[in-house]
Amino acid sequence: MEEQDHPYTLVTAIGGADGVYEDHVEFLQKNLKLITMKEFLENKRDLHLKIKAIFVWSLKPVINRELLQSLPNLKVIANSGVGIDHLDLRLISSFGVKVANTPFAVSNPTADLGIGLMLASARRIIEGHQMAVSPDTKHFSAAWLGEDVTGATLGIIGMGTIGYKIAQRAKAFEMNILYHNRNRRNGAEEQAVGAVYCEKMEDLLRQSDFVMLAVNLTPQTCKLIGKKELELMKPTAILINICRGQVIDQDALVNALQNGIIKSAALDVTYPEPLPRDHALLQLENVIITPHIGSATSKIRRLMMKNMVESILAGVRGLPVPNEVHG
Ligand SMILES: O=C(O)[C@H](O)CO
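Residues numbered from 1 in each chain as written. Predicted model: local features only at pLDDT ≥ 70, side-chain atom pairs only at ≥ 80, totals over all residues. Heavy atoms only, no water.

### Regarding helix 1 (residues 22-29)
Within an α-helix, residues lying three or four positions from one another point in the same direction, as the helix has 3.6 residues per turn.
No. 1: For helix 1, the complete set of buried residues consists of H24, V25, F27 and L28. One side of helix 1 carries all its buried residues, which in axial view fall inside an arc of 160°. Away from its buried face by more than 90 degrees, helix 1 exposes E22 and E26.
No. 2: Residues of helix 1 that are buried in the fold lie against strand 2 (33-36), strand 3 (51-56) and helix 13 (298-316). (Buried < 20%, exposed > 50% of the residue type's maximum accessible area, 1.4 Å probe, protein only. Helix = DSSP H or I, 4+ residues; strand = E, 2+ residues; numbered from the N terminus. Arc of directions from axis to C-beta. Contact = heavy atoms within 4.5 Å.)

Below you can see the structure in the form of structure tokens.
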């Protein structure tokens, strides 16, 4: 294997619960010389000098100053997924290192999941399954009801690529679509999905039957939805979060769910992940939680890896890096 063609790449996780799966390792090894964190920690200087790239496959790694200082030949960090809130872009770029993510790969499956969570919570699909399979169930109750999705109002907070794809899907459900975003979409884009801009998030919160969170996590969006915002929502409203757990004040959410301030929540993301087993959110019946699976389909995970490899190969060769993120 030529070192030139197979750049030494530190992989933040291989195997284990949040690691790169074994069959994916084979694919990566066709292009990269993979260095595990264990090897990295055991072998010092010689190996560190060879490392040109980091392959970030989990949200946990801390790419800090110490790590960056130990890798003088590092050129590029490829991050799986779109969210880069766990990476300090300013620090990384001060070392002359580029960062790339995989925004296009993850947008469709994450939007699909958002719609899935909306349907599951509105129609109580998880509870319905539990009732249908329970040995205690003697008959199916006619009084067991959910909420309509068709014709309801969906408020999307964060109208980036994923938010827009949610709107495209919601249009097929004949939903009234409201959105709030830093920047307003152009008229043609709004018209194509029938989305109405709410300059004030409060207006969206008051009117929506479903509120879908699809923002990046930044200092401005941390705890964007807290007590005040939850109290503006309808008592029948359902909150769906497919972006980052920290966007919601979880204590305020628990209180809102326990006291009928909103009807229910469907969360693909929490803070931390997973939640401690005794966390109040896990004790509530009006919550659905999935384990951060926005991009978790076999086809998409492979595409993400392919995109990451392309970014790494371009970065180490000094070519423009596909999907480079600029701070
Ligand atoms: O950011 C993303 O794309 C997903 O949440 C995976 O981290």
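### Describing helix 13
No. 1: With 19 residues, helix 13 should cover 27 Å at 1.5 Å per step; its first-to-last C-alpha distance of 27 Å lies within 8% of that length.
No. 2: Count one or two residues on from helix 13 and you reach G318, which has phi positive near 75°. (Expected span 1.5 Å × (residues − 1).)

### Topic: the site of the ligand
No. 1: Around the ligand sit L59, G81, V82, G83, V106, R244 and H292, and those are all the residues in its vicinity.
No. 2: V82 is positioned such that a nitrogen or oxygen atom in its backbone is 2.6 Å from an oxygen atom of the ligand.
No. 3: Taking H292, its side chain carries an N or O atom lying 2.6 Å from an oxygen atom of the ligand.
No. 4: For the shell around the ligand, the residue count by class is three nonpolar, three polar and one charged. (Near = heavy atom within 4 Å. Polar contact = N/O pair within 3.5 Å; in protein donor to acceptor, adjacent residues only side chain to side chain. Nonpolar A, V, L, I, M, F, W, Y, C, P; charged D, E, K, R; others polar.)

### Concerning the UniProt feature "domain: D-isomer specific 2-hydroxyacid dehydrogenase catalytic" (unreviewed entry) in the protein
No. 1: In this numbering, the UniProt entry assigns the feature "domain: D-isomer specific 2-hydroxyacid dehydrogenase catalytic" (unreviewed entry) to residues 22-325.
No. 2: Along residues 22-325, the helical share is 39% and the strand share 15%, with 28 Å between the first and last C-alpha atoms. (UniProt positions renumbered as here; feature names shortened; annotations may be inferred.)

### Quick notes on the domain arrangement of the protein
No. 1: For the protein, the assigned domains are domain 1 (2-104 + 297-325) and domain 2 (106-289).
No. 2: The C-alpha centroid of domain 2 is placed 32 Å from the C-alpha centroid of domain 1.
No. 3: Among the residues of domain 1 in contact with domain 2, D85, F104 and I300 are the three that bury the most area, contributing 48% of the side total.
No. 4: Counting across the domain 1 and domain 2 interface gives one salt bridge.
No. 5: Residue R244 is joined to D85 by a salt bridge in which the shortest nitrogen-to-oxygen separation is 2.9 Å.
No. 6: The interface formed by domain 1 and domain 2 contains five residue pairs in polar contact (both at pLDDT 80 or more).
No. 7: Elements that contribute at least two residues to the side of domain 1 that touches domain 2 include exactly helix 6 (103-122) and helix 13.
No. 8: Among the residues making up the side of domain 1 that touches domain 2, the classes are represented as six nonpolar, four polar and one charged. (Domains from an automatic or database assignment. Buried area = accessible area lost by both parts, 1.4 Å probe. Salt bridge = Lys/Arg side-chain N within 4 Å of Asp/Glu carboxyl O.)

### Digging into the sheet that holds strand 3
To summarise the sheet geometry, strands pair through backbone hydrogen bonds and adopt either a parallel or an antiparallel arrangement.
No. 1: The strand order across the open sheet formed by five strands is 2-1-3-4-5, and the pairing between neighbours is parallel. Strand pairing shows two members of the sheet lacking a second neighbour, strand 2 and strand 5 (98-100), which therefore form its edges. The sheet shows a mean angle of 25° between the axes of neighbouring strands, direction not considered.
No. 2: The pairing of strand 4 (residues 76-79) with strand 5 spans three bridges and is classified as parallel. When the bridges of strand 5 are listed, A78 appears paired with A100. (Pairing = 2+ DSSP bridges. Axes fitted to C-alpha atoms, helices over the stretch in contact; angles between N-to-C directions.)

### A few points about the UniProt feature "domain: D-isomer specific 2-hydroxyacid dehydrogenase NAD-binding" (unreviewed entry) in the protein
No. 1: Residues annotated by UniProt as "domain: D-isomer specific 2-hydroxyacid dehydrogenase NAD-binding" (unreviewed entry) correspond here to residues 115-294.
No. 2: Counted over residues 115-294, helix gives 32% and strand 16%. Its end C-alpha atoms are 11 Å apart.

### A short note on the pattern of salt bridges
No. 1: Under the defined criterion, the tally for this structure stands at 12 salt bridges.
No. 2: A salt bridge links K306 to E310; the nearest nitrogen and oxygen atoms lie 3.1 Å apart. With K306 and E310 both in helix 13 and four residues apart, the pair spans about one turn of that helix.
No. 3: The exposure class of E310 is partly exposed, given its relative accessible area of 36%.

### Focus: the side chain of N307
No. 1: Position of N307 among the secondary structure elements: in helix 13.
No. 2: When neighbours within four sequence positions are excluded, N307 is seen to be in contact with T102, A105 and N323.

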